[in-house]
Amino acid sequence: MRRLTTFLAFAGGLIGLANYVWDGWTVVSGGRNLYVLSNAVSIVLLTISGSAAVTILLHSRNRMPEEERKEYRATLAISALALVVLISWMLFRALSKS
């Protein structure tokens, strides 16, 4: 489970980051912009991974080895930081276009 949460956090952060680093990679050949869809997918992945990490940490905090606890804490930190950065970029982009 810890590898899955780490993978979800990494994938969500990567999708969100790719939206703004490579502007336009989410534009399909028909000219439709998929920023909203890819941002939604990124937010969902980051939220799921962060929520799973918190739930597992709270559920088995006394029985979990220290190494696993560190991995879940890192996953939680990555998810939270990536969400903050992604939402900041979304707000900045929305404000700069208006």
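The rules behind these values
- Residues numbered from 1 in each chain as written.
- Predicted model: local features only at pLDDT ≥ 70, side-chain atom pairs only at ≥ 80, totals over all residues.
- Heavy atoms only, no water.
- Helix = DSSP H or I, 4+ residues; strand = E, 2+ residues; numbered from the N terminus.
- Contact = heavy atoms within 4.5 Å.
- Buried < 20%, exposed > 50% of the residue type's maximum accessible area, 1.4 Å probe, protein only.

A. Here's a closer look at the overall build of the protein chain. Of regular secondary structure, the protein chain possesses three helices and zero strands. The helix and strand sequence of the protein chain, counted from the amino end, reads α-α-α. A separation of at least 24 residues holds for 64% of the contacts in the protein chain among residues at least 6 apart in sequence.

B. Molecular detail of the environment of F10. Among the structural elements, F10 can be located in helix 1 (residues 2–21). By relative accessible area, F10 is classed as exposed at 54%. Sequence separation between F10 and S49 is 39 residues; the distance between their C-alpha atoms is 9.2 Å.

C. Layout of the environment of I87. Take I87: it is sitting in helix 3 (residues 66–97). According to the relative accessible area criterion, I87 is partly exposed, its value standing at 40%. Separated by 48 residues in the primary sequence, I87 and N39 place their C-alpha atoms 9.0 Å from one another.

Taken by themselves, the reported measurements are silent on function.
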